[in-house]
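Chain and residue survey
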Amino acid sequence: MEDENMKIDFNNMLQTSIGEHGIREQDIQKMAQKLPQVHKNMCAKKDAMAWRSLPYNQAEIVADIKKEADRINANFDNFVVLGIGGSALGSKALFTGTKHLKYNEISREKRGGARFYVVDNVDPDGINALFDVIDVKKTCFHVITKSGNTVETMSQFMIVLSKLEEVLGEDFKDNIVLTTDKEKGILKKISNQYGFKTFTVPDGVGGRFSVLCPVGLLSAAVLNIDIDALFAGAKEMDEACTREDLWENPAYMYALLYCTAMDMGVNISVMMPYADGLLNMAEWYAQLWAESLGKRYGNDGSVVNKGQTPVRALGVTDQHSQIQLYTEGPFDKVISFIDVEKFNTELKIPDAPIDMMDAAYLQGQTINKLIASEMRATEYAVTQAGKMNMRITLPEMNAREIGALFFFLEMATAAAGEFLEIDAFDQPGVEAGKIATFALMGREGYEEKAAELNAVQGKDGKFVYQV
Ligand SMILES: O=P(O)(O)OC[C@H]1O[C@](O)(CO)[C@@H](O)[C@@H]1O
């Protein structure tokens, strides 16, 4: 990739940079023995990993999405995404990664479209707070659930439908857009019966890999994010991340080094962007890395309990809360710094009208230089402390770079799944909680589970402190 593109620097993962707790050349060689099989699987499973084709095969869908976005922006003041996990996090990362950080507060003229919100929880105060600031009549709700059954999203949807009915009677169809599976799930049945505008999550595109399909693209279009540029970034990354040679494929190197680190007891992956707008990218990555790699069983059915705990941190803010631990605590984490070479704006630290004393050296410099210097300083400090870290540098925060970053991390995650010999595309571990929730909420067919839950032995009172 050329100089103006993203740069991914793995030096500080290595013993040559950080000393005894780093990865050695021979560790790379050893893990690289798996690479031919990893590459073979990545090639063989390309079609099954349908998210890899999304930058290439959606011309018609994107045209429809843009038309729908134009309708939404022409008719509504607000656009609200209802969804959770992979149905929400990509939209959030896209939004803050490319748009004005106070988007909803700037004028409509400057925004060029509806205000944008994502509701990805079932906190009553959070949902009610949104209703306090939007006029539901003037709001389009995008209900996203691939399975079409997710309890959080369906309950949000029901609340919204009733609010709409209160103010619009039966005339609320235009305020709703759905995105779901092509045939499965309750939402699809509702779509068929009531004829809401509906987009499809393609087969082979799991929630956490779905940002570049209608799940994230309708948000992108409503936000006037350049979808062609998103795809261009993803395609560039695809080209790099399908190469067979480890030394030319950054996704393979990421996967190899992180899996080697896991074998060395490095159980935590901290993503620490130095840009407010990229914190949501770290949130998105957290689901991607956690749900894809956290697995009890290996492909051969044996118990492996693999995975690495993702942590989101924000530079520089979390330097003043977490870096003490990262430098001096256990050797159990790797930090992925993300920095941005050129921010969208510049902010000078002017000469102050009072004597700033020892702080006067800051005068005439920029906040841009300060954040960049703090990133380098923190990288230096954790490297000196012998802790694994690496750096992803974005030349700018724009649609192309964000598209490339999504695709890079998706490819790295899929490759890591192959190195770990687990299925990176299922999530059986979340089922137990979902089923228990159905039971506790009285869903038909879950009576036995409800009885089981109610029969669970009481807690030992001596460990419960009623203060
Ligand atoms: O899009 P859905 O089916 O509502 O799922 C939401 C999220 O729930 C999960 O299935 C896990 O609970 C995620 O994998 C997914 O992104």
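Worth saying up front: this structure is predicted, and the values here are computed from it rather than measured. (Residues numbered from 1 in each chain as written. Predicted model: local features only at pLDDT ≥ 70, side-chain atom pairs only at ≥ 80, totals over all residues. Heavy atoms only, no water.)

1. A few points about the overall build of the protein
Check the secondary structure of the protein and you find 18 helices and 12 strands. Dimensions of the protein along its principal axes, counting C-alpha atoms only, are 65 × 65 × 60 Å. Of all 467 residues assigned to the protein, the portion counted as buried reaches 50%. Residue pairs at least 24 apart in sequence account for 76% of intrachain contacts in the protein once pairs closer than 6 positions are excluded. Accessible surface, the protein: about 22900 Å² in total, of which carbon and sulfur atoms supply 51%. (Helix = DSSP H or I, 4+ residues; strand = E, 2+ residues; numbered from the N terminus. Buried < 20%, exposed > 50% of the residue type's maximum accessible area, 1.4 Å probe, protein only. Contact = heavy atoms within 4.5 Å. Areas by Shrake-Rupley, 256 points an atom, 1.4 Å probe, with all protein chains shown as cover.)

2. What to know about the UniProt feature "active site" (unreviewed entry) in the protein
Per the UniProt record, "active site" (unreviewed entry) is annotated on E291, H320 and K434. On the basis of their most widely separated C-alpha atoms, the annotated residues across 144 residues do not gather in one place, lying as much as 36.8 Å apart. In this fold, E291 is placed in helix α13 (residues 279-293). Those residues in contact with E291 that sit more than four places away from it in its chain are R208, D426, Q427 and V430. Relative to the helices and strands, H320 resides in the loop between β10 (309-312) and α14 (323-328). What makes H320 exposed here is its relative accessible area of 68%. (UniProt positions renumbered as here; feature names shortened; annotations may be inferred.)

3. Quick word on unusual backbone geometry
Following G315, the chain continues to V316 via a peptide bond in cis, the omega torsion being -5°. When you line up the elements, V316 lands in the loop between β10 and α14. The phi torsion at N305 lies on the positive side, around 45°, for a residue other than glycine. Assignment of secondary structure puts N305 in strand β9 (residues 303-306). With a relative accessible area of 56%, N305 lands in the exposed category. Even without a glycine there, the phi angle at M357 is positive, about 55°. Tracing the backbone shows M357 in the loop between β11 (333-342) and α15 (367-384). Judged by relative accessible area, which is 61%, M357 ranks as exposed.

4. Focus: the packing of aromatic side chains
Going through the model one piece at a time under the given rule, you end up with 18 aromatic pairs. On the numbers, 5.8 Å between centres and 85° between planes, the contact of Y258 with W289 is edge-to-face. In this pair, Y258 is assigned in helix α12 (residues 250-263) and W289 in helix α13, connecting sequence segments 31 residues apart. By the burial criterion, Y258 is buried, and W289 matches it. Through successive ring pairs, a cluster of aromatic residues spans F10, Y254, Y258, Y285, W289 and F408. Lying over the aromatic face of F331, K387 brings its terminal NZ or CZ to 4.2 Å of the ring centre. It is R443 that lies over the ring of F438; its NZ or CZ is 4.4 Å from the centre. (Phe/Tyr/Trp six-rings, centres within 6.5 Å; stacked < 30°, edge-to-face > 60°. Lys NZ or Arg CZ within 6 Å of the ring centre and 35° of its normal.)

5. Remarks on the packing of helix α10 (residues 214-222) against helix α11 (residues 227-241)
The geometry of α10 relative to α11 is characterised by a closest axis approach of 10 Å and an angle of 135° between their N-to-C directions. Put simply, α10 runs oblique to α11. Counting all contacts with α10, which are made through L217, A220 and A221, the residues of α11 involved are I227, L230 and F231. Looking at the contact of α10 with α11 residue by residue, the classes come out as 6 nonpolar, no polar and no charged. (Axes fitted to C-alpha atoms, helices over the stretch in contact; angles between N-to-C directions. Parallel < 35°, antiparallel > 145°, perpendicular 65-115°, else oblique. Nonpolar A, V, L, I, M, F, W, Y, C, P; charged D, E, K, R; others polar.)

6. Let's talk about the side chain of N12
Looking at the secondary structure, you find N12 in the loop between β1 (7-9) and α1 (15-18). Residue classification places N12 among the buried positions, given a relative accessible area of 14%. A distance of 3.2 Å separates the side chain of N12 from the side chain of T383, its partner in a polar contact. Those residues within four positions of N12 in sequence are excluded, and the remaining contacts are S17, I18, E379, T383, K387, M388 and N389. (Polar contact = N/O pair within 3.5 Å; in protein donor to acceptor, adjacent residues only side chain to side chain.)

7. So, the site of the ligand
Around the ligand, a shell composed of 15 residues is seen, among which G86, S87, T145, S147 and T150 lie nearest. At a separation of 2.4 Å, an oxygen atom of the ligand approaches a polar side-chain atom of T150. In the environment of the ligand, an oxygen atom lies 3.2 Å from a nitrogen or oxygen atom belonging to the side chain of K434. In isolation the ligand offers 390 Å² of accessible surface; the protein chains occlude 89% of this area. Residue composition of the shell around the ligand, by class: 2 nonpolar, 9 polar and 4 charged. (Near = heavy atom within 4 Å.)

8. Regarding the pattern of salt bridges
The final tally for this structure, using the stated rule, is 20 salt bridges. Among the ionic pairs, E418 bridges to K45, the shortest N-O distance being 2.7 Å. On the criterion of sequence distance, the pair formed by E418 in helix α16 (residues 399-420) and K45 in the loop between α3 (35-44) and α4 (59-75) is long-range, its members being 373 residues apart. Looking at E418, the relative accessible area reads 6%, which means it is buried. The salt bridge partner of D64 is K197, with a shortest N-O separation of 2.9 Å. In this pair, D64 is assigned in helix α4 and K197 in strand β6 (residues 197-200), connecting sequence segments 133 residues apart. A single salt-bridge network, built from bridges that share partners, covers E236, R400 and E401. (Salt bridge = Lys/Arg side-chain N within 4 Å of Asp/Glu carboxyl O.)

9. Thoughts on the sheet that holds β11
Within the open sheet, the 5 strands sit side by side as β1-β12-β11-β7-β10. Their pairing is mixed. Pairing within the sheet leaves two strands with one partner each, and these edge strands are β1 and β10. For this sheet, the mean angle separating the axes of adjacent strands, direction not counted, is 20°. Inspection of the sheet shows strand β7 (residues 268-273) paired to β11 by 6 bridges, in the parallel sense. Paired with I268 across the two strands is K333, which belongs to β11. Seen against the sheet, α16 touches β1, β7, β11 and β12 (389-396) and runs at an angle of roughly 150° to β12. (Pairing = 2+ DSSP bridges.)

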